[in-house]
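# Examining the three-dimensional arrangement
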Amino acid sequence: MISGAAASTESLNQAVRGLSEYLMIVLDDNSTSSIRHAPENDVVALDSNKTKPLTSFLEELRQLPVKNAVQSEVITESVDRGTMISVGDSDNKVGSLRVKRTEKWLAETTSHVNKLLSSTFPHLCVHPNRKVRLGVLASIQGLLRKCSYTLRDSRLMLLECLFVLVCDDSEDVSSEAQTFTEILVSSGQNQIEQDMSEVFSRLLEKLPRVVMADEESLALSHARKLLAVTYYGGPRLVADYLLVSPVAAARFLDVFALCLSQNSVFTGPLNQLAAKRPLKSGFMHSISEIKAITSNAHEEKSEFLGSQNWNKSRPYEHVKNEYELPNMPPWFVHVGSRKLYQALSGILRLVSLYIFTDSRSEGSYSVLIDILLGHFRNLTSELRTREHRNDSWQSWYKRTGSAHLVRRASTASCILNEMIYGLSDQASTSFNGMFRNKGIYVNSNGNENARIHLIDCIGSILHEYLSPEIWNIPLGFSDTLEQFGEDGDINLHVFNDNGMLHQVIIEGIGIFNICLGEEFSSSGFLHTSLYMLLENIICSNFEVRRASDSVLHVISATQNCPTVGHLVLANSDYVIDSICRQLRHLDLNPHVPNVLSAMLSFVGVADKILPLLEEPMHAVSMELEILGRHHHPNLTLPFLKAVAEIAKASKHEADKLPNQAESYKKDMNAKMSELNSGICMNAANMQEEELESIIFEFNDSKRYRRIVGSIAGSCLVSVTPLIASADPASCLTALDVIEDGIIVLSKVEEAYKHESETKEAIREIIESCSFYNLLDTLGADEDETVENRLLPAVNKIWPFLVSCFRSKNLVAIKKCCRTITTVVQICGGDFFSRRFHSDGAHFWKLLSTSPFQKKKPFSKEERTPLQLPYRKSWTEDSSSNPSEISNLKLQIAILEMISDLSKNKRSAPSLDPVFKKISGVVVGIACSGVKGLQGACENALVGLASVDPDLVWLLLADVYYSRKGNIPCPPSDEFPEIGEVLPIPSSSKEYLYVLYGGQSYGFDVDFNAVEIVYKKLCAEVFTSQTYK
């Protein structure tokens, strides 16, 4: 019967319907009431059909005479009510069957029917064919209507099958089942309530065993049955079961903890253990958001973070689709499907909603919350004990039960999140969509006292969620174990468990935000949790990092912030206060520099909170000094990254300062011209209040400009000593800060020049209008010497740039070349001419040896540089030398620096004292024909020729004509022969480029290369400059 005749689903459907019709005729409650002697109140009469029952027709048929075809004899008997007769030929003993419908017969029949239905209907109600399920639903409706009391042993099973169909995936099946269930529940029969209570208890007791079995379909149908009976049972059913005693409530939570626990991962078949997990790769929505903001700002020239047009392109909708809250816990992917988890979580949400809103269960909701929070308190207590005993993480995890505490806390967090989400409007909406017919709806937001109680419950949960002990558990060897010097063997699944605990807690914070809405911020929960979310943006665990990023976007959308940057900006005072507080105790909070850099880079609000960064910048500067680096050597690079982000933010703001100052100056000059022309001589056109507001605005812009310059100066002072660091990462980061900081100071000084002119214009306006009392507010007695920051800062930076060239860090030297180019072009070449003359030898000596020839060792001082005792040694072994390609790239970088400096008129004077030296070195390399350096040498010679083309021509011609047979004659007798001007040298050491540039090693003259370079420069440079 399960498969149907010839596996036909239509025949199976008809068989189910035919069986139920037969049972309704034979075992109808009305026809069997006299046999079982049942009281009328026990018969559930749901059939509203008032027509003549079929049993009356059967009774009339029994009274008809039966004719014997063989003997042509009519036999008539009086048939009593309740007797079924089959007549045959008694003489031939064909058989005469008389079944008496007695109580014993009814008991045996119903027992057999119960076995038949129990073995078929539970499987048929989850049949893949929709028509079969519709047939089963019709059969259940008929049997419950007509045979409810007769088949009382099968009634619970029929109700369970009905509740499965209530949650059916097919809309027509579930809709019809829900309609019948509502009629059944609204009939007001006590027996129905008792049956639903018994079904609820029975299903709940079997739930863990079914979930942990290896049958996904049976587990899903079982969970859906429990979900449906919970929904239609209502608050009374749940309260009667849970509120009997605290033991009953704890037993209920234990059942779901067992179903949702990580221990259930190790149950079921092996193929579920190997289920695919989500990929540990992806992108951070905050980073994509910053890119979109940046492109939007460039296209529309928006001055504010995420302008109004950002609403059109914000990625929150994609976050909502990719990371929906509440989300299935990460370990449940090995247990069952998402549908199974949705059914289980739906039960928890309904129970939470019913208990919270039931007037009889006042205070019981807090009991449920406290039971679950007990797992967190146990974990926190154990972690504090470990810290008090100074136990290592390895010994703590080896202790019996320690790892289980983390898993229990994760499961408790999952249950808490679902229970709180059940009180949200979104959960009610989802239930209305699931149970499409209008059913039971409870609104938890209407009662103000209930809302206060909800906020108190969430507050107690967040208090345990944000416990610092929980967030100090390690997520990997590189996080905490190395910090405390622990090398022990800790299983990787322990770190995975810790990461899943953090992930579920972070998702819970997002769920609480969804549930409370704007009250999440007004209640103070946003301020207490925002910093923790920003901390986990840079977590080493990708799932935790992704959860934090997505929850931040969800909170931003709920709090009416277009981006996460706006959210942080609106709460920047709380975030900065937390950072400053933790910066004072770096031993306890070693992660704070990473948090600061992550907040400034990933979230992208550094430029908007720049005025608030003076205090953190002061603390960072202290940590980057010698003593700070000695106490916390592992935090040097994180602090440098934070300074780099602050420098970038300063650069972003400084780019706007000159234009703003120039625009303001033009406005003041226009007003001054109006006064000079007599237009504004009337006092009505220039009121004192108007002029006072102009002065206030001017002072504000001046104050902000000074803040930007002060922060940039602090950044430069902090990172300058680290330019000479042996750590490549620290050196490169410091050089980035140097470039940004110098650009900021140049912009600030440029804005100051416009500001000074504006100040004079305002002064003239004040004197013209006779408002002399406003002169004091203009800041006449301010010290203007502090505005000269650029050149003093460069003067302090230069020795460290030179020391960077003296190091063996080739990558840092290449970066230093670009930094020097930027600094010299900004400050001007005159300032650096003496410095290149005295320190340039450290630069040019790197060009004196071919990259394909082993260099001779330098002096003893250069081989063993001075190193402070606390500094970690990064020097390489003396036997290991850089590769040829590395030396080649370094020389290309130096040649590019020479080209850029010489081509720029502002920076070209810096090379005047060493111009002959540089020209000789570059010509020597160009004449050697080294393929990798040929293009860079030609560009450098083009730049040098733009300064002094005659010298470059002489150096090249000296080599070119020394071997050329056909030397051209002079154009007239007035000019001497080329041989007289450039006599042929007796040896290669007498070439002019050698005399000017010094002896080079490995760069032998390649006359083919000389000819190529000479002709190219003649065509591009020398010929075009002949008549200039």
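Since we're looking at a predicted model, the values are computed, not measured.

Calculation notes
- Residues numbered from 1 in each chain as written.
- Predicted model: local features only at pLDDT ≥ 70, side-chain atom pairs only at ≥ 80, totals over all residues.
- Heavy atoms only, no water.
- Helix = DSSP H or I, 4+ residues; strand = E, 2+ residues; numbered from the N terminus.
- Buried < 20%, exposed > 50% of the residue type's maximum accessible area, 1.4 Å probe, protein only.
- Areas by Shrake-Rupley, 256 points an atom, 1.4 Å probe, with all protein chains shown as cover.
- Core = buried A, V, L, I, M, F, W, Y, C linked by side-chain atoms within 4.5 Å.
- Axes fitted to C-alpha atoms, helices over the stretch in contact; angles between N-to-C directions.
- Parallel < 35°, antiparallel > 145°, perpendicular 65-115°, else oblique.
- Contact = heavy atoms within 4.5 Å.
- Nonpolar A, V, L, I, M, F, W, Y, C, P; charged D, E, K, R; others polar.
- Salt bridge = Lys/Arg side-chain N within 4 Å of Asp/Glu carboxyl O.
- Expected span 1.5 Å × (residues − 1).
- Left-handed = near helix turned anticlockwise from the far one by under 90°.
- pLDDT = per-residue confidence, 0-100.
- Polar contact = N/O pair within 3.5 Å; in protein donor to acceptor, adjacent residues only side chain to side chain.
- Disulfide = S-S within 2.5 Å.
- Phe/Tyr/Trp six-rings, centres within 6.5 Å; stacked < 30°, edge-to-face > 60°.

## Concerning the overall build of the protein
- Secondary structure summary: the protein contains 46 helices and four strands in total.
- Counting the 1028 residues in the protein, one finds 50% classified as buried.
- In the form shown here, the protein has an accessible surface area of approximately 49,200 Å², with 52% of it arising from carbon and sulfur atoms.

## Comments concerning the nonpolar core
- Judged by nonpolar contacts, the single largest core of 270 residues is most densely connected at Phe121, Phe256, Phe376, Met599, Ile820 and Phe836.
- By size, the runner-up hydrophobic cluster in this structure holds 13 residues, among which are Met668, Ala761, Ile762 and Ile766.

## Considerations on the environment of Ile978
- Relative to the assigned elements, Ile978 resides in helix 44 (residues 978–981).
- Residue classification places Ile978 among the buried residues on the basis of a relative accessible area of 17%.
- Between the C-alpha atom of Ile978 and that of Ala957, which follows or precedes it by 21 residues, the distance is 9.2 Å.

## Some thoughts on the packing of helix 22 (residues 492–516) against helix 25 (residues 542–558)
- Viewed as axis vectors pointing N to C, helix 22 and helix 25 meet at an angle of 5°, and their least axial separation amounts to 9 Å. Between helix 22 and helix 25, the crossing angle belongs to the class labelled roughly parallel. Within the contact between the two elements, helix 22 uses Gly499, His502, Gln503, Ile506, Glu507, Ile509, Gly510, Asn513 and Ile514 and helix 25 uses Glu543, Val544, Ala547, Ser548, Val551, Val554, Ile555 and Thr558.
- Its residues placed into classes, the contact of helix 22 with helix 25 shows eight nonpolar, seven polar and two charged.

## Re the pattern of salt bridges
- Scanning all chains against the criterion turns up 26 salt bridges.
- Note that Asp700 is salt-bridged to Arg703, the shortest N-O span being 2.7 Å. One end of the pair, Asp700, and the other, Arg703, are both in helix 33 (residues 688–719), three residues apart, so they sit about a helical turn from each other.
- Look at Arg703 and you get partly exposed, because its relative accessible area is 49%.
- Of the charged contacts, one joins Glu760 and Arg763 as a salt bridge, the two residues approaching to 3.8 Å between their closest N and O atoms. One end of the pair is Glu760 and the other is Arg763, both in helix 34 (residues 728–769) and three residues apart, which spans about a single turn.

## Comments concerning helix 40 (residues 884–903)
- For helix 40, spanning 20 residues, the distance from its first C-alpha to its last is 29 Å, which sits close to the expected 28 Å at 1.5 Å a residue.
- Those residues of helix 40 lying buried are Asn887, Leu888, Leu890, Gln891, Ala893, Ile894, Leu895, Met897, Ile898, Ser899, Leu901 and Ser902.
- In this fold, the buried residues of helix 40 make contact with helix 35 (790–806), helix 36 (810–827), helix 37 (833–839), helix 38 (841–844), helix 41 (915–928) and helix 42 (931–947).

## Details of unusual backbone geometry
- Even without being a glycine, Asn390 presents a positive backbone phi close to 60°.
- Locating Asn390 in the fold gives a position in the loop between helix 15 (364–389) and helix 16 (393–398).
- Taking the relative accessible area as the measure of exposure, Asn390 reaches 68% and is therefore exposed.
- Phi is positive for Asn560, close to 60°, though the residue is something other than glycine.
- When its relative accessible area of 59% is taken as the criterion, Asn560 is described as exposed.

## Examining the packing of helix 27 (residues 572–583) against helix 29 (residues 614–623)
- Between helix 27 and helix 29, whose axes approach to 10 Å, the crossing angle comes to 20°. The angle between helix 27 and helix 29 falls in the class roughly parallel. Helix 27 and helix 29 meet at a crossing whose hand is left-handed. Facing Ile576, Cys580 and Leu583 of helix 27, the residues of helix 29 in contact are Glu615, Pro616 and Ala619.
- Residues belonging to the contact of helix 27 with helix 29 are distributed by class as follows: five nonpolar, no polar and one charged.

## As for the confidence of the model for the protein
- When pLDDT is averaged along the protein, the result is 77; 75% of the residues meet or exceed 70.
- Note that residues 293–319 has pLDDT below 50 and, in this model, 37 contacts with residues that lie over four places away or in other chains.

## Quick notes on the environment of Ser907
- Position of Ser907 relative to the elements: it lies in the loop between helix 40 and helix 41.
- Residue Ser907 is classed as buried on the basis of its relative accessible area, which comes to 0%.
- Along the primary structure Ser907 and Ser833 are separated by 74 residues, whereas in three dimensions their C-alpha atoms are 9.4 Å apart.
- Ignoring anything within four residues of it in the chain, the contact list for Ser907 reads Val824, Gln825, Gly829, Asp900 and Leu901.
- A polar atom in the side chain of Ser907 sits 2.8 Å from the backbone oxygen of Leu901.

## Overview of the state of the cysteines
- Scanning all chains against the criterion turns up zero disulfides.
- No disulfide involves Cys816; its sulfur sits 4.1 Å from the nearest other cysteine sulfur, which is in Cys804.
- A residue is classified by how much of its surface remains accessible, and Cys816, at 0% relative accessible area, is buried.
- Not part of a disulfide, Cys927 finds its nearest cysteine sulfur in Cys937, a span of 9.2 Å.
- Among the residues examined, Cys927 registers a relative accessible area of 1% and is labelled buried.

## Section: helix 5 (residues 130–146)
- When the terminal C-alpha atoms of helix 5 are compared, their 24 Å separation across 17 residues agrees well with the 24 Å that a helix rising 1.5 Å per residue should span.
- Taken together, the buried positions of helix 5 are Val132, Arg133, Leu134, Gly135, Val136, Leu137, Ser139, Ile140, Gln141, Gly142, Leu143 and Leu144.
- Check the buried side of helix 5 and you find it contacts helix 1 (9–26), helix 4 (103–124), helix 6 (152–166) and helix 7 (171–186).

## Considering the packing of aromatic side chains
- All told, the structure shown has 23 aromatic pairs when counted by the stated rule.
- With a centroid separation of 6.2 Å and an interplanar angle of 15°, the aromatic rings of Phe836 and Trp844 are classed as stacked.
- Its relative accessible area of 0% is what places Phe836 among the buried residues.
- Trp844 gets classed as buried once you look at its relative accessible area, which sits at 5%.

## Remarks on the side chain of Glu755
- Here Glu755 lies in helix 34.
- Ignoring sequence-local partners within four residues, the contact set of Glu755 consists of Phe698, Ser701, Lys702 and Arg705.

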